[in-house]
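Listed below are the residues making up each chain.
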Amino acid sequence: MTPVEYQPTPASILTPDHVETRLGSLSFFDGYPSPETVNKVYDHLDFQRGVRAFLDGLPIASLHAMREGLREMGCVNGKVGIFETLMDARTLFLTANTESVYAVTWLDLKDGPMVVESAPNTLGILDDFWFGHVTDLGNTGPDKGQGGKFLILPPGYDGDVPEGYHTFTSRTFGNWLIWRGFLVDGDPGPAVANLKKNTRIYPLASRETPPATEFVNLSGRSFNTVHANDITFFKEVHAVLQEESVSDLDPEFLGLLAAVGIEKGKPFAPDARMTDILTDAAAVGNATARAIVFKTRDPESFYYKDSAWKTGFIGGSHEFEVNGVRLLDGRTLFFYYATGITPAMAAKMVGVGSQYAGATVDSEGRALDGGYTYRIRMPKNVPVKDFWSLVLYDNQTRSMLQTDQPFPSLNSERGVVANADGSTDVYFGPRAPEGKESNWIQTVPGKGWSVILRLYGPLEPWFDKTWRPGEVERLEDIPAVAAAGARPKMATDIPVSITTPDRVETRIGTLEFFDGFPTPETVDLVYDNLDFLRGVEAFLSVCPAASLEAMLEGIASVGVDRNGAISITETLLDARALYLTPNTESVYIGGLLDLSNGPVVVESPPNTLGMVNDHFFRYVSDMGNAGPDKGAGGRYLYLPPGWEGEVPEGYFTYRSPTYKNLMFWRGFLVDGDPQPAIDAAKKLIKVYPLGETADAAEMKFVNTSGRFHNTIHANDIHFYEEARAVIDEEPAAAFSPEILGLLAAIGIEKGRPFSPDARMRGILEEAAAVSNATARAISFRTRDPRAYYYKDSAWFNAFVGGSHEFLRESGARDLDARTMFHYGYTAVTPAMVIKIVGVGSQYAVAALDADGNYLDGSKNYSLTLPAGIPAKDFWSFVNYDPQTRSLLQTPSTQFPSVSSQSGDVVANADGSTTIWFGPEPPVGKESNWVPTVPGKGWFTVLRLYGPLDPWFDKTWRPGKIELVK
């Protein structure tokens, strides 16, 4: 017999036996990861997700800490904390100012709607527990500074909503409410009186006889509102998820949290291994956030070229989203350093509200050190209608710097002396330069600090940048003062959990800091790690998109590249074409469904299993036996994203989120003959634009049987190019902002070339290698017990969790389940995961033998199926190559399978059936043999066509794959 000839497999989809990475050496047997490699990539996967959960969970942890601090002071519903003599450095509060009277409380809506009567001439904000903006109150709110009644409704409220209120619905029960009142000639008294007189908070149910609102003076009180930087951080996030509905949160974000054990309705109880990993992740997450804040690398953050002054609102969005893309580092920068979200902070409002600029380094890019003396020169005509101020903050706590001065600040209304030319010099240091006491803010030797410039009532020269502040200049002629260890007068006890030690040992190396400011070596280390882990997570997250793109590119290479061009496997699909885990018992029919030019009609033939998946490999519709035509055939109308035109009747109508889609059908053999399915497809499938007729359909059927073409995504850096093609072709609204943000962070963004520099290219090449190893561990050594059909069995289900959308009951995306399916399999439909007795097909996969070892093509194995195989139609085994996840290319046949449909399989005397796997068939067992290849691994899929109840209730189960010794 002449051996079957195959084309060389593209190197980009293969995995070498040995790869060197920052995780160490990764080893494989023909694509199967070794046990040591599996452990390494799972440890790293958990660690990288812990770091990301820290960075992305900052808003939630921050407000949890705020709520706990306010609870400690008793400032919840109906009791308002007010800083009657301003907030000073004894209160731990992220970057508060010293020029406003703060009034603050926690609003809890669990018992129903609350009324808030807001005082006039204030700046108020209500933020939900996800730190999302609910409404402004006061000067930038709907009351326009006149004061008014606000009605705040809890999530899901369906009761009466009376008139006469500014009414808003919060996404959460817990909400943070804060106002700023204004000083009058430096006096807080009028603002305090205004807030106390006009602020009232009470339940809507008590509106006829509202209870009095209590006020608690918080000035001079020491309490903490800053989140933890250690493993406690994750407990803070978990606590909030248990209290709130999570339906408004992105499933991608919820999936990230669930992957590290933070999930709605479940305890956060990491075992010893996971505790160690999350302790490390918190340390690295904290160091990364500090690098993003103190050594920002995003040029969009800076107000001016070659300047340290930067904004806290990168991209000018209070939602940290631009063109549908989440600004991940922008979000981290803001929420690690600051608090309080409102569009007013990011919007240009000349003469109204305030604008902010922060500096964390001096004019030479060095950390600001409390032992040195510095100067900022404010040019004349500072563009403010009201006044300006400079406030210093402790790098450790990002709260006011605790010195001997109650208020580590100066403002233009507190006796600051201008220079003769109208400019103003402000000095910072442990001692005031002689004669400059009125223009001096004290620092502490041995402590780092940062500064925020605030412009109250900012004017046009600020916005058009014709005026700019001077840089923070270190005065080298003034000697540095060494740390003496004296405790400043305003010092309080700082919780250890919110501080950062000077040295931390982690799995990415030693992290070092100067009083919370990361060293240059640490900055480089955490930024490299951040880019690397994002490269890995991007690979795992957008595997569906790259897979679909590779599918479309593959079929285009054989001429299936437009609407109406249809691939059809007239002599079935064989191992010469590279497809993810196809079967050998169906006629595959399919092609591109392109909605770029408008809606498209597809006429589907009867008695098929068909479906449409979008460019992210998400389900759009079924057609045929599992579709609305119930196997009778019918006309389907597919609408493109954003379609607002007429939608005629007479079609099964679906809207796709993307322009490009994959449609395909499986046709059935008749007594082993594919021709009836082929004839029906060629006669009845029509694809044409809406508004035309079937007669105008330009159909072309391409026989792809026996033709080499690759439809499998790359496993190297080319993977990211495949992902970029999808993002560039489709609307941003088709994807999660979190995923688009993840991709943008590694250079994949719509409308921009993907052109990583040498550093980033090296990182992404390594990330692709680790991602590929991780996907292989998830696919072939899954650690999710839900994947396995039976206890102590290798048989697993490729659709873990039973959701074709890969969603957990909590609403979280099942990240590993999505990776597991899309790395090894193709085509998504609910029909694959739901129980339909006697209809469609069910699948079980095995990659291990009865002893837990990978299946080796050099060895012989047997498997026995008990009598009464629960398949109404037929069953089959098909073998696949773990390298390509395609049909195993054997020298003896291009169809590495056995099927009861053939009529050749021989049953045992007791009604059971034994199947043999190996390089050569046992004597007399040829009809029950599936060939393997020496030196190659393999895995097999058992398919039951027309599955019956004993499969679903597990009263019947396949035997184990036993090594024949």
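Since we're looking at a predicted model, the values are computed, not measured. (Residues numbered from 1 in each chain as written. Predicted model: local features only at pLDDT ≥ 70, side-chain atom pairs only at ≥ 80, totals over all residues. Heavy atoms only, no water.)

1. Here's the deal with the overall build of the chain
When helices and strands are counted, the chain shows 17 helices and 44 strands. Radius of gyration (C-alpha) of the chain: 32 Å, near the 30 Å computed for a compact globule of 965 residues. Its C-alpha atoms give the chain principal-axis dimensions of roughly 105 × 60 × 50 Å. Put simply, the chain has 965 residues, and 60% of those count as buried. Summarising the internal contacts of the chain: among those between residues at least 6 apart in sequence, 75% fall at separations of at least 24. Put simply, the chain shows about 35,400 Å² of open surface, and 50% of that area lies on carbon and sulfur atoms. (Helix = DSSP H or I, 4+ residues; strand = E, 2+ residues; numbered from the N terminus. Rg over C-alpha atoms; globule rule 2.2 N^0.38 Å. Buried < 20%, exposed > 50% of the residue type's maximum accessible area, 1.4 Å probe, protein only. Contact = heavy atoms within 4.5 Å. Areas by Shrake-Rupley, 256 points an atom, 1.4 Å probe, with all protein chains shown as cover.)

2. A look at the domain arrangement of the chain
When its domains are assigned, the chain resolves into domain 1 (76–217), domain 2 (348–484), domain 3 (559–706) and domain 4 (762–963). For domain 2 and domain 4, the distance between their C-alpha centres works out to 66 Å. (Domains from an automatic or database assignment.)

3. Re the sheet that holds strand β16 (residues 354–359)
The four strands are arranged β16-β22-β18-β19 in an open sheet whose pairing can be described as antiparallel. Two strands close off the open sheet at either side, each with one partner strand: β16 and β19 (409–411). In this sheet, neighbouring strand axes are inclined to one another by 15° on average, regardless of whether the strands run parallel or antiparallel. By the bridge criterion, nine bridges tie strand β18 (residues 384–394) to strand β22 (residues 449–458) in an arrangement that is antiparallel. Bridged to Ser-389 within β22 is Arg-454. (Pairing = 2+ DSSP bridges. Axes fitted to C-alpha atoms, helices over the stretch in contact; angles between N-to-C directions.)

4. Remarks on the packing of aromatic side chains
Using the criterion set out here, one finds 47 aromatic pairs in the structure. Ring centres of Phe-313 and Phe-320 lie 5.8 Å apart, and the angle between their planes is 15°; this geometry places the pair in the stacked category. Accessibility assignment for this pair places Phe-313 and Phe-320 in one class, buried. Three or more aromatic residues joined by ring pairs form one cluster here, namely Phe-83, Phe-93, Tyr-102, Phe-131, Trp-176, Phe-313, Phe-320, Phe-334 and Phe-335. Sitting over the face of the ring of Tyr-823, Arg-885 holds its NZ or CZ atom 3.8 Å from the ring centroid. (Phe/Tyr/Trp six-rings, centres within 6.5 Å; stacked < 30°, edge-to-face > 60°. Lys NZ or Arg CZ within 6 Å of the ring centre and 35° of its normal.)

5. Points about the nonpolar core
Ranked by size, the top nonpolar core spans 117 residues in total, and within it Trp-176, Phe-234, Trp-309, Leu-390, Phe-428 and Val-451 carry the most contacts. Broken down by element, this core gets its largest block of residues, 13 residues, from helix α6 (residues 272–294). When residues of this core are sorted by domain, at least three fall in each of domain 1 (76–217) and domain 2 (348–484). Ignoring any residue separated from it by four or fewer positions in sequence, one finds Phe-428 in contact with Tyr-372, Thr-373, Tyr-374, Arg-375, Ile-376, Leu-390, Leu-392, Trp-440, Ile-441, Thr-443, Trp-449 and Val-451. (Core = buried A, V, L, I, M, F, W, Y, C linked by side-chain atoms within 4.5 Å.)

6. Considerations on the environment of Met-66
Along the chain, the position of Met-66 falls in helix α2 (residues 58–72). Accessibility expressed as a relative area gives 2% for Met-66, which makes it buried. Each C-alpha atom, one on Met-66 and one on Ile-508, is 31 Å from the other, the two residues being 442 residues apart in sequence. Contacts of Met-66, omitting those with residues within four sequence positions, involve Phe-93, Trp-176, Thr-225 and Thr-339.

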